[in-house]
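Read off the chains here:
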Amino acid sequence: MEADCSKSFPLGLDYKTEKYLRTKNRKIGVFHRLLQLGVLCYIIGWVFIVKKGYQESDNDPQISVITKMKGASVIKKFREFQERLWDVADFVKPSQGENVLFLVTNFVSTPGQVLGLCPESPTILDGKCSEDLNCTKGEPVISGNGIKTGKCNKTHLACEIYGWCPVENPEHIKEIPLNEAENFTLLIKNEVFFSKFNFSRSNTKKTSDTTYFKTCKYDPISSPYCPIFKISEMVAKTGHSFNELSFLGGVVGIDIMWICDLDTSESACNPQYSFRLQDRKNNFRTATYYWDRKNQEYRDLLKLYGIRFEISVTGEARKFSLIPTVIRLGTGCAFLGAITLLCDLFLLYLNTKSDFYRNYKYEEAKPPRRQKAPDLTSL
């Protein structure tokens, strides 16, 4: 009767409990301990010590950048034999205060332009001609300075155009660039705010000395909180010289990185600056318009070459938090549990004596039979 009941008992309702079995298999034992040691080294050494997995992080700070450049120089032969003083308003484009600014280091000047008819520059490929048929009337000159009139100027071998005359001549670029600009200084005032921790930091020193920022220069050791940089030194840190870039310009990237461990002192939260060259050429044009007494409109055209500075600020703040600590510890415990399953797999299924170990590992336990009570009526 009991045998029939056991056979009819559904297998899905069996309950399995773990049985601990100590085996004298050194290969599996050494493999098990090595895996455990590896997991512990990973969790303690890499996750907690190197990556500081017990901390919560904020990688999206609010950023404020203010720039200001200082310097001046005299430009000779700006308009024929005249001299002109260039200061920050002339050297820096656009107006100061942005995280992107352009420092003029060379230019091509075309003063006194007026709207009219003149030959196109012979350096423009689409403007060259040998006869009138090469100059289609009403057609704009590709990369040129005006609209073709249908006539070919045989003297210049260039199409006649309607535009601002005389046209710009790229050969008039200054042979001696504005190298005085290498001694200019750039102030980069930067502030970051990590909203998750309500923590802010600035790259300027807190001081009551009003003359400090007029005399200091940035140095990573002696003056890490002086935000004033010399132009030539910034360019030199890209691996190039100012003279290399001053003729045709270039683009310099300035990266400011904030790595702040809020579990230590605030003084350890310092800005890290790096400089890189992004391009070797950079220029754009600007014009100043004016009228004479006869109400004739003129303009002075400048093609400006220079160094474009692009400032990028990134940051990360970290601080101890219970939640990531518990998560990392839980992950470590899960890895240790997975090691046991892996070793069981090798022991019970991939071992040469797997059948022997399985017989000890899995055992079916049946409850003892009930003994019948004695029949007292027969006594």
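Quick note: structure is the one above.
About the thresholds
Residues numbered from 1 in each chain as written. Predicted model: local features only at pLDDT ≥ 70, side-chain atom pairs only at ≥ 80, totals over all residues. Heavy atoms only, no water. Helix = DSSP H or I, 4+ residues; strand = E, 2+ residues; numbered from the N terminus. Buried < 20%, exposed > 50% of the residue type's maximum accessible area, 1.4 Å probe, protein only. Contact = heavy atoms within 4.5 Å. Areas by Shrake-Rupley, 256 points an atom, 1.4 Å probe, with all protein chains shown as cover. Polar contact = N/O pair within 3.5 Å; in protein donor to acceptor, adjacent residues only side chain to side chain. Expected span 1.5 Å × (residues − 1). Bend = angle between axes of the 7 residues up to and from the residue. Axes fitted to C-alpha atoms, helices over the stretch in contact; angles between N-to-C directions. Parallel < 35°, antiparallel > 145°, perpendicular 65-115°, else oblique. Left-handed = near helix turned anticlockwise from the far one by under 90°. Nonpolar A, V, L, I, M, F, W, Y, C, P; charged D, E, K, R; others polar. Disulfide = S-S within 2.5 Å. Salt bridge = Lys/Arg side-chain N within 4 Å of Asp/Glu carboxyl O.

Draft legend 1. Just the overall build of the chain, in detail. Helix and strand counts for the chain come out as eight helices and 15 strands. In the chain, which comprises 379 residues, the share counted as buried stands at 35%. Partitioning the contacts of the chain with sequence separation of at least 6, the portion at a separation of at least 24 is 68%. Counting every atom, the chain has about 25,000 Å² of accessible surface; 55% of that belongs to carbon and sulfur.

Draft legend 2. Quick look at the environment of K148. Structurally, the position occupied by K148 is in strand 7 (residues 146–153). From its side chain, K148 meets the backbone oxygen of D126 in a polar contact 3.3 Å long. Engagement of the side chain of K148 in a polar contact is seen with the side chain of E139, the distance being 2.9 Å.

Draft legend 3. Representation of the environment of K137 in the model. Inspection of the secondary structure puts K137 in the loop between strand 6 (100–119) and strand 7. Between the alpha carbons of K137 and T149 there is a distance of 4.7 Å; along the sequence they are 12 residues apart. Setting aside residues up to four positions removed in sequence, K137 forms contacts with K148, T149 and G150.

Draft legend 4. A look at the side chain of T325. By secondary structure assignment, the location of T325 is in helix 7 (residues 322–349). Its relative accessible area of 12% is what places T325 among the buried residues. Within the local environment of T325, its side chain forms a polar contact with the backbone oxygen of S321, the two atoms lying 2.9 Å apart. Once residues within four sequence positions are removed from consideration, T325 is found in contact with F48, G53, Y54 and F320.

Draft legend 5. Layout of helix 2 (residues 26–50). Counted at 1.5 Å a residue, the expected span for helix 2 with its 25 residues is 36 Å, and the 33 Å between its end C-alpha atoms agrees. At Y42, helix 2 shows its largest bend, some 25°. Among all positions in helix 2, only I28, H32, V39, I43, V47 and F48 are buried. Against helix 7 lie the buried residues of helix 2. K52 occupies a position one or two residues after helix 2 and carries a positive phi of about 50°.

Draft legend 6. Structural context of the packing of helix 2 against helix 7. Their axes nearest at 10 Å, the elements helix 2 and helix 7 cross at an angle of 165°. Regarding the angle of helix 2 to helix 7, the classification is roughly antiparallel. For the element pair helix 2 and helix 7, the recorded crossing hand is right-handed. Judged by residue contacts, I28, F31, H32, L35, Q36, V39, Y42, I43, V47 and F48 of helix 2 engage T325, R328, L329, G332, F335, L336, I339, T340, L342, C343, F346 and L347 from helix 7. Looking at side-chain class alone, the contact of helix 2 with helix 7 contains 16 nonpolar, five polar and one charged residues.

Draft legend 7. Representation of the state of the cysteines within the structure. This structure, assessed with the given rule, holds five disulfides. At a sulfur-sulfur separation of 2.0 Å, the disulfide partner of C129 is C152. Across the S-S bond of C129 and C152 the torsion is about 90°, and the bridge reads as right-handed. Taken together, the residues span a long stretch of sequence, with C129 in the loop between strand 6 and strand 7 and C152 in strand 7 at a distance of 23 residues. Owing to a relative accessible area of 10%, C152 belongs among the buried residues under this scheme. Each sulfur of the disulfide joining C260 and C269 lies 1.9 Å from the other.

Draft legend 8. Looking closely at unusual backbone geometry. Note the cis peptide between C165 and P166, where omega equals -5°. Looking at where P166 falls in the secondary structure, it is placed in the loop between strand 8 (158–165) and strand 9 (185–194). Unusually for a residue other than glycine, K52 sits at a positive phi of about 50°. Examined against the element boundaries, K52 turns out to sit in the loop between helix 2 and strand 1 (55–58). At N295, a residue that is not glycine, the phi angle is positive and equals roughly 65°.

Draft legend 9. Broad picture of the pattern of salt bridges. All chains considered together, the criterion is met by nine salt bridges. Across the salt bridge formed by E139 and K148, the nearest N and O atoms sit 2.9 Å from each other. The class of E139 is partly exposed, set by a relative accessible area of 32%. Looking at K148, the relative accessible area reads 3%, which means it is buried.

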